[in-house]
Number of protein chains: 2
Amino acid sequence: MEKFDELKARLAEISDLVRAAAVLGWDQQTYMPPGGTAARSEQLATLSKLAHQHFISDEIGDLLEASAQETEGMDYGSDEASLVRVTRRDYQKARRVPSELVAELARVTTLATETWTQARAQANFSLFAPHLERIVALEIRLAEALGYDERIYDALLEQYEPEMKTAQVEAIFAEIKPQLVQLAREIAEHQDRVDDAVLHRSYDEQAQWDFGVEIIKSFGFDFQRGRQDRSAHPFTTGFSPDDVRITTRFESDFLSPALFGTFHECGHALYEQGVSPALARTPLDGGTSLGLHESQSRLWENLVGRSRGFWTFFYPRLQERFPRQLADTDLESFYKAVNRVQPSLIRVEADEVTYNLHIMLRFDLENALLEGKLRVKELPQAWNAKVEEYLGLTPPDDTQGVLQDIHWSGGMLGYFPTYALGNLISVQLWERIRQDISDLPAQIESGHFEALRAWLREKVHQHGRKFTPVELLQRVSGSALQAEPYLTYIQSKFSDIYDL
Amino acid sequence: MEKFDELKARLAEISDLVRAAAVLGWDQQTYMPPGGTAARSEQLATLSKLAHQHFISDEIGDLLEASAQETEGMDYGSDEASLVRVTRRDYQKARRVPSELVAELARVTTLATETWTQARAQANFSLFAPHLERIVALEIRLAEALGYDERIYDALLEQYEPEMKTAQVEAIFAEIKPQLVQLAREIAEHQDRVDDAVLHRSYDEQAQWDFGVEIIKSFGFDFQRGRQDRSAHPFTTGFSPDDVRITTRFESDFLSPALFGTFHECGHALYEQGVSPALARTPLDGGTSLGLHESQSRLWENLVGRSRGFWTFFYPRLQERFPRQLADTDLESFYKAVNRVQPSLIRVEADEVTYNLHIMLRFDLENALLEGKLRVKELPQAWNAKVEEYLGLTPPDDTQGVLQDIHWSGGMLGYFPTYALGNLISVQLWERIRQDISDLPAQIESGHFEALRAWLREKVHQHGRKFTPVELLQRVSGSALQAEPYLTYIQSKFSDIYDL
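Residues numbered from 1 in each chain as written. Chains lettered and ligands numbered in written order. Predicted model: local features only at pLDDT ≥ 70, side-chain atom pairs only at ≥ 80, totals over all residues. Heavy atoms only, no water.

K.L.:
Would you take a moment to explain the pairing of strand 2 (residues 236-240) of chain A for this structure?
P.N.:
Within a regular strand, the side chains alternate between the two sheet faces. Residues and elements named next belong to chain A. Of all five residues in strand 2, four are buried, a share of seventy percent or more. As paired strands, strand 2 and strand 3 (residues 243-248) are joined by four bridges and run antiparallel to one another. For Thr236, the partnering residue across the bridge sits in strand 3 and is Ile246. (Buried < 20%, exposed > 50% of the residue type's maximum accessible area, 1.4 Å probe, protein only. Helix = DSSP H or I, 4+ residues; strand = E, 2+ residues; numbered from the N terminus. Pairing = 2+ DSSP bridges.)

In structure tokens:
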């Protein structure tokens, strides 16, 4: 295994560069002063370029071929065979992209993210537009370099969700959309049955922080191997399985963003903290796809955190922290409040029924941009039209519209569909978990998540990127991606809440 | 200038790697969770090794020679000629060091720093000792690789203070030591003339933070291009002239550490923020030596921050923030309190008279370690003996003794003398500033530091590493390093305070 060991040593250094870039990215969004942007963009460009150059070198190619021979006959799921198999796939893709494009993307997106922050604060899309134009042009170059058979979108989607095709996403969206729209309509007729005013009272931010920490500790977030900070847009990042960071945003007059945002990011973090230590500093360290990653965050946020059983345990604890604000609200009312369905403007705060509609509109717009059917400067108008079409609302400004998400400033076109896939996968996994852990509801009602976390760790987390999302889902749930469990869950949960 | 431009582009990427490592180092000391240490040590090792490998490549050597021809005849102080001249010196030195040693030092010191933190918290030197043994062995390897004519210490000192020799340091210490010891003795006979109990009252940490920020803003620290955080050991680091970070530590029952620590780090930060933007991403970005750097921090900490004029302006403002604690103390008493002379155990909290004695003892011990006259395990005893000899005190434990400083855990042997040199240089510069800005005392008494900052920026900061410390001091003060201005200042200031 001489060549394999050499390969691993080389890949470890490349991983170090990638993780160092992640530290710089985290710092940029948490603590970096405004003046740091220009230097940071160059630093990130250099780190990205070097990581890419080192990875696509002929030496790595030779080591990969030699390692493939050395590991021939080993178990498909062994660390060694998986490393060679997955890295070869990564290598073939990475070789298609010029290092200069990687550097340029890192540079441009670092500057764009800073400008997006300002544009968002000022509700001024025109500030951001020239950056986004450059990014779309670079993403098109990237897609052409990566190559695709049918749709340009395929090439970008593949980066986040291996093996997924644009046409598949369209088919799934076509399947779920009518039912979601129909359900939202029925609920709209009975708006009076759920009131969430209680969530919009005044909640001290430090107390929100403390309550969130109490909960994610019970979920299993390990603060010895991670931390929480504030950022404009919540995210999770990892510098190793032993250093995983989440961020949260707080609103003093709205409980949901910090609360469910923290659960959500914790779900991502548990995935990262749960990867087998043996995979650290290899390309296998991390989630196997963004859809799978999102299934973990949505599972903790929604299937656990927005369940009746969860609040049976935690609502009394929340009341202890906020006695004045919650005195007049009983458990059932609170449970319904956190599940109120209401078409709204901000994706990350959307309810479970309308959430995927937010994704569909972004998916449409991204396809149009990449296929040249929409220009960046037409985006705010197109966005608003889509919000009208999908949600029946009109954003009052671009901060609550086209500027709300960080993704495009980071060059992450093709990413959004993974949120919707994650919703579906989370329910598909949940079905299996319910079979495997028979007393799960009772455990949740008593604030115990050890068995759930252990299940996820064993079945999903520890494998890192060893299996493709398709392979993993098949192994774990016994079938390919299905929309049906998700639709059944949504239908049943909200029929109950709204007494339909 | 084709080759020169190519050289600059290559050096910019190396600078990016070095600065990225600095971000990781800052994070390690401010926010990194304990679990992050192992991965961080590998990341830092990789970044350091890559930066070193890229720098010592033959290509850089060829580009340097070609650039030397292209820039021949240009002004000695021009950006271009300086870049080639200084980088050639750096290059010749760096070529002597194996990249593996650079990586090993980064790896070992990252782990050692984490262990030092624990050892210090537990006052347990034996935890730290095996790490320090490795570090001393690596530093000896480094010194042998770098080479030296007379003393092994020369090789390490040179890294922080170019052109300075161990023998020179010894001569300077021999000159100042008797006078400092004599002065401290005279003061000891009149201890009753100054009381600093007022500094040891209870001071809210957030209010300390706010007051420090108010002051360093008036000094000129630019929070758009920098920030302040907490760390166990205060330090300053920069990721570009536009992103310079300081850290401070706070004690709720002792005002001095946060107060003067903040001024001190601000002095370093003004140097980094003041480097010409044209030198960003080149080897010229940064201070020309640690002695010069320390002259800036000590100037703001002591010559400004511990002056009567400074407190004439700021003491009423401090009283507004802490009315209860300061009601019974007048300006003159407070001024004397912050200048109280008292042999003490902690270097960073030492008064101006005894401070250099702390340095001398570390200098002795480092020399003994490097010359094989002292073993690491004998260090606590040797430390305590030196503290007895120089300061007449016995540390009650190693936290207040041999474990107090972070430097050795970071592999910074040869660094400590620069603190003493900085003290001397600060006064030598101050003499010149007093001549150039005739109404400086009046400006300070009214809280105005613009002219002082502008002077320092023009004469010192903007040049970065263009001139060696010897060249810079000669240009700015008109003479080589002298101890006499420093001794005169100390003698005069403290004779006044203690009425000797």
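K.L.:
Just checking my understanding: could you explain the relation of the copies chain B and chain A for this structure?
P.N.:
Put simply, the two copies of the chain differ by a rotation about an axis and a shift along that axis. Superposing chain B onto chain A takes a rotation of 180 degrees plus a shift of 0.0 Å along the axis, which leaves an RMSD of 0.0 Å. As the rotation angle and translation indicate, the two copies are arranged about a two-fold axis. Of all interface residues in chain B, 100% are interface residues in chain A too; the two copies therefore contact each other through one and the same surface. (Least-squares fit on C-alpha atoms with pLDDT ≥ 70 in both. Contact = heavy atoms within 4.5 Å.)

K.L.:
Got a minute to help me understand the nonpolar core in this structure?
P.N.:
If you look at soluble globular proteins, the nonpolar side chains tend to sit buried side by side. In terms of nonpolar packing, the biggest core is built from 130 residues, with Phe219(A), Phe310(A), Trp311(A) and Phe334(A) touching the most fellow members. No fewer than three residues from each of domain 1 (2-147) and domain 2 (166-498) of chain A sit in this core. Grouped together as the second largest cluster of nonpolar side chains are 129 residues, Leu105(B), Val402(B), Leu424(B) and Ile437(B) included. (Core = buried A, V, L, I, M, F, W, Y, C linked by side-chain atoms within 4.5 Å. Domains from an automatic or database assignment.)

K.L.:
How should I be thinking about the interface of chain B and chain A in this particular structure?
P.N.:
It is common to give the size of an interface as the accessible area that goes away when the parts come together. The interface of chain B with chain A comprises 36 residues on the first partner and 36 residues on the second. When the two sides are added together, the surface that chain B and chain A hide from each other amounts to roughly 2,800 Å², 59% of it contributed by carbon and sulfur. Note that Lys49(A) and Glu13(B) form a salt bridge whose closest N and O atoms lie 2.4 Å from each other. Viewed at the interface, chain A and chain B are joined by 15 residue pairs in polar contact (both at pLDDT 80 or more). If you list the elements that add at least two residues to the side of chain B that touches chain A, you get helix 1 (2-30), helix 2 (37-55), strand 1 (226-230), strand 2 (236-240) and strand 3 (243-248) of chain B. (Buried area = accessible area lost by both parts, 1.4 Å probe. Salt bridge = Lys/Arg side-chain N within 4 Å of Asp/Glu carboxyl O. Polar contact = N/O pair within 3.5 Å; in protein donor to acceptor, adjacent residues only side chain to side chain.)

K.L.:
Would you mind showing me how to read helix 20 (residues 469-477) of chain B here?
P.N.:
Because an α-helix completes one turn every 3.6 residues, residues spaced three or four positions apart along the sequence face the same direction. Residue and element names in this part refer to chain B. Pro469, Leu472, Leu473, Val476 and Ser477 are the residues of helix 20 that are buried. Buried residues in helix 20, looked at end-on, bunch into an arc of 95 degrees, giving them a common side. Looking at the buried side of helix 20, the elements it contacts are helix 10 (256-274), helix 11 (290-304), helix 17 (417-436) and helix 19 (450-459). Positive backbone phi, at 85 degrees, marks Gly478, one or two positions downstream of helix 20. (Arc of directions from axis to C-beta.)

K.L.:
Explain the packing of helix 17 of chain B against helix 21 (residues 484-498) of chain B here, please?
P.N.:
The description of two helices packed together rests on the angle between their axes and the distance between the axes. Residues and elements named next belong to chain B. Direction vectors running N to C along helix 17 and helix 21 enclose 85 degrees, while the axes themselves pass 8 Å from each other. Our classification of the angle between helix 17 and helix 21 gives roughly perpendicular. Residues Asn423, Leu424, Val427, Gln428 and Glu431 of helix 17 touch helix 21, and the partners they reach there are Pro485, Tyr486 and Tyr489. Of the residues contributing to the contact of helix 17 with helix 21, the split by class is five nonpolar, two polar and one charged. (Axes fitted to C-alpha atoms, helices over the stretch in contact; angles between N-to-C directions. Parallel < 35°, antiparallel > 145°, perpendicular 65-115°, else oblique. Nonpolar A, V, L, I, M, F, W, Y, C, P; charged D, E, K, R; others polar.)

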